[in-house]
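Survey of secondary and tertiary structure
Letter by letter, the chains look like this.
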Amino acid sequence: MAREVVTDVVCPFCGSLCDDGEIVLEDGKIVETRNLCTIGTTKFLSSQNGHRITKPMIREKGQLKETTFDKAVKKAAEILVNAERPLLYGWASTECDAHRVGIELAEELNAVIDDTASVCHGPSTIAKQEVGLPSCTLGQVKNRADVIIYWGCNPAHAHPRHMSRYTTFIRGFFREQGKQDRTLIVVDVRNTDTAKLADHFLQVKPGYDYEVLNALRAVIKGQPIRGEDVGGVPVSKIKEVAEVMMNAGFGVIFFGLGLTMSRGKHRNVENAIKLTIDLNEYAKFVIMAMRGHYNVAGFSIVTGWQTGYPFGIDFQRGFPYYNPGETTSNEILQREEADAVLVIASDPVSHFPASSISYMAKLPVIVIEPHVTPTTEIATVVLPPAIAGVEEEGTAYRMDHVPIRLRKVVDPPEGCLPDRKILEAILSEVRKLKSKT
Ligand code: SF4
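What you see is a predicted model, and the numbers here were worked out from it, not measured in a lab. (Residues numbered from 1 in each chain as written. Predicted model: local features only at pLDDT ≥ 70, side-chain atom pairs only at ≥ 80, totals over all residues. Heavy atoms only, no water.)

1. Brief notes about the overall build of the protein
From N to C terminus, the protein includes 16 helices and 21 strands. Taking 22 Å as the expected radius of gyration for a compact globule of 437 residues, we find that the protein reaches 23 Å, a close match to that expectation. Seen along its three principal axes, the alpha-carbon backbone of the protein occupies a region of about 70 × 55 × 35 Å. With 437 residues in all, the protein has 57% of them scored as buried. (Helix = DSSP H or I, 4+ residues; strand = E, 2+ residues; numbered from the N terminus. Rg over C-alpha atoms; globule rule 2.2 N^0.38 Å. Buried < 20%, exposed > 50% of the residue type's maximum accessible area, 1.4 Å probe, protein only.)

Okay, structure coming up:
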């Protein structure tokens, strides 16, 4: 039995993009992972399990039937060329070259191209456009940070190695004692497993993050606060935590969907950034979004280069146009505007509101996806790809916008091409069909 260990493997699951994975292969099959968390391990092991799709499929008489790659690509291209308002959605769990080809396809089709940021950290991007973003790399956090704040996020579950690899428990160049040199503050509506590890926990009433941010800013600016509590947090606790923040050597705020998707949305994030700016009167302070999918940050970087906009980009006018709330996926679906959807590297049927899904289910839907998901259940065409970071190389951007090269660990199932190759085949077929009309 041939046994091999592939080292320095990057985990293509969450925005932490841990790059110290080891994958054990026996006869070319993944049998074990080392250093990765359970979520990362599952990503590698599930590439070989029974939920894997290995053949292209087209829906006929209500059933998905296996077909050839060429026929599936042709059908996908016909659907897209015949649509007046195609929507190309997903992109968060694939590599940057696939994004590049996807933008070319969107331009060719006068389509809307949007990623999962429109339902997660889109408000963070909007806030950043308003007030900027004082940030840093995770390496700086590891080596320098002595005050770590997690606001509206639960890395113990969603980014399981974040605290041990980059922020809280790891020893850093200037933080040789690891956790003993650091203070952990958690702000959340629930007493999460991350909150249970905190030195200070601020339990906020749901929907009151903006008020608590304001209260912290008021204390830092020496302003009085009336009343006993703000947003469910005692004023004495707000003052105590503000003191810890102001006395930091290097502080960092990580924020998640608890801030971006609760009442206030981008105004919450804008206020958190302003708090960070205020704190720099006293201490070095930075802020960073806890990006979920491993390359959701990369999509906005690639679209930023190519179109000038980060997500929700509409090519209908023949040039890129961006107006979140108008050109973002759920709004387009809920206005019943889209007449065809291409989904890649995401599962909107599991995450979108029912009103979007019930409309989407009436449309022709092309899905580029390696596993059986609720979205493949409504697909008209399914094209299974090689999984980036497991079966294909590529570039992804970590949550701190550091680009990291994904490794290929094993060969994909026969006939499964990388996402970018599938998109190139569809683009080529689209151009052929358009040249005939
Ligand atoms: S923390 Fe994220 S990137 Fe790191 S191993 Fe776990 S899932 Fe993978």
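2. Some thoughts on helix 12 (residues 296–307)
Helix length check: helix 12, at 12 residues, gives a terminal C-alpha distance of 16 Å against a target of 16 Å (1.5 Å per residue), a fit within 8%. The buried count for helix 12 comes to nine of 12 residues, which makes it a mostly enclosed element. Among the residues of helix 12, V296, A297, G298, F299, S300, I301, V302, T303 and T307 are the ones counted as buried. On its buried side, helix 12 packs onto helix 3 (96–109), strand 7 (112–115), strand 15 (313–314) and strand 20 (394–397). (Expected span 1.5 Å × (residues − 1). Contact = heavy atoms within 4.5 Å.)

3. Describing unusual backbone geometry
Despite not being glycine, W91 shows a phi value in the positive range, around 75°. One can find W91 in the loop between strand 6 (86–90) and helix 3. Non-glycine residue N110 carries a positive phi angle of around 55°.

4. Re the pairing of strand 2 (residues 21–26)
By the bridge criterion, five bridges tie strand 1 (residues 3–9) to strand 2 in an arrangement that is antiparallel. Directly across from V9, in strand 2, lies its bridge partner G21. Sheet topology note: the strand 2/strand 3 (residues 29–34) ladder contains five bridges and is antiparallel. Looking at the pairing, E26 lines up with K29 of strand 3. (Pairing = 2+ DSSP bridges.)

5. Quick word on the pairing of strand 14 (residues 284–289)
With five of six residues buried, strand 14 lies mostly within the body of the structure. Judged from the six bridges that link them, strand 13 (residues 250–255) and strand 14 form a sheet pairing that is parallel. Paired with F255 across the bridge in strand 14 is A289.

6. Details of the sheet that holds strand 13
Backbone hydrogen bonds are what pair the strands of a sheet, in a parallel or an antiparallel way. Strand order across the open sheet formed by five strands is 10-9-8-13-14, with parallel pairing between neighbours. Bordering the open sheet on either side are strand 10 (200–203) and strand 14, each of which pairs with just one other strand. Taking the axes of each pair of neighbouring strands and ignoring which way they run, one obtains an average angle of 15° across the sheet. Where helix 11 (residues 266–279) meets the sheet, its contacts fall on strand 13 and strand 14, and the angle it forms with strand 14 comes to roughly 160°. (Axes fitted to C-alpha atoms, helices over the stretch in contact; angles between N-to-C directions.)

7. Considerations on the packing of helix 8 (residues 209–220) against helix 11
Helix 11 packs onto helix 8 with a crossing angle of 15° between their chain directions and a minimal axis gap of 9 Å. As summarised for this structure, helix 8 and helix 11 are arranged roughly parallel, according to the angle between their axes. The two elements helix 8 and helix 11 meet at a crossing, and its hand is left-handed. Two secondary-structure elements touch here, helix 8 through Y210, L213, N214, L216, R217 and I220 and helix 11 through R267, N268, N271, A272, K274, L275, D278 and L279. (Parallel < 35°, antiparallel > 145°, perpendicular 65-115°, else oblique. Left-handed = near helix turned anticlockwise from the far one by under 90°.)

8. A few points about the packing of aromatic side chains
Evaluation of the coordinates by the stated rule reveals seven aromatic pairs. Judged by centre distance (6.1 Å) and plane angle (20°), the rings of W91 and F299 are stacked. Of this pair, W91 sits in the loop between strand 6 and helix 3 while F299 sits in helix 12, placing them 208 residues apart in sequence. Per residue, the accessibility class of W91 equals that of F299, and both read buried. Plain terms: the ring middles of F311 and Y322 are 5.7 Å apart, the flat faces sit at 80° to each other, and that makes the pair edge-to-face. Highlighted residues: F311 in the loop between helix 12 and strand 15 and Y322 in strand 16 (residues 321–322), separated in sequence by 11 residues. Judged by its relative accessible area of 3%, F311 falls in the buried class. In this structure, R263 is placed above the aromatic ring of Y208, and the distance from its NZ or CZ to the ring centre is 4.9 Å. Over the ring of Y321 we find R317, and its NZ or CZ is 3.9 Å from the ring centre. (Phe/Tyr/Trp six-rings, centres within 6.5 Å; stacked < 30°, edge-to-face > 60°. Lys NZ or Arg CZ within 6 Å of the ring centre and 35° of its normal.)

9. As for the sheet that holds strand 7
Taken in spatial order, the nine strands line up as 5-4-19-18-17-6-7-15-16 in an open sheet, and their pairing is mixed. If you trace the sheet from one side to the other, it starts and ends with strand 5 (63–66) and strand 16, each paired once. Where strand 4 (residues 57–60) and strand 5 come together, four bridges link them in antiparallel fashion. Opposite M57, over in strand 5, you have E66 as the bridge partner. Lying on the sheet, helix 3 is in contact with strand 6, strand 7 and strand 17 (340–344); it crosses strand 6 at an angle near 165°.

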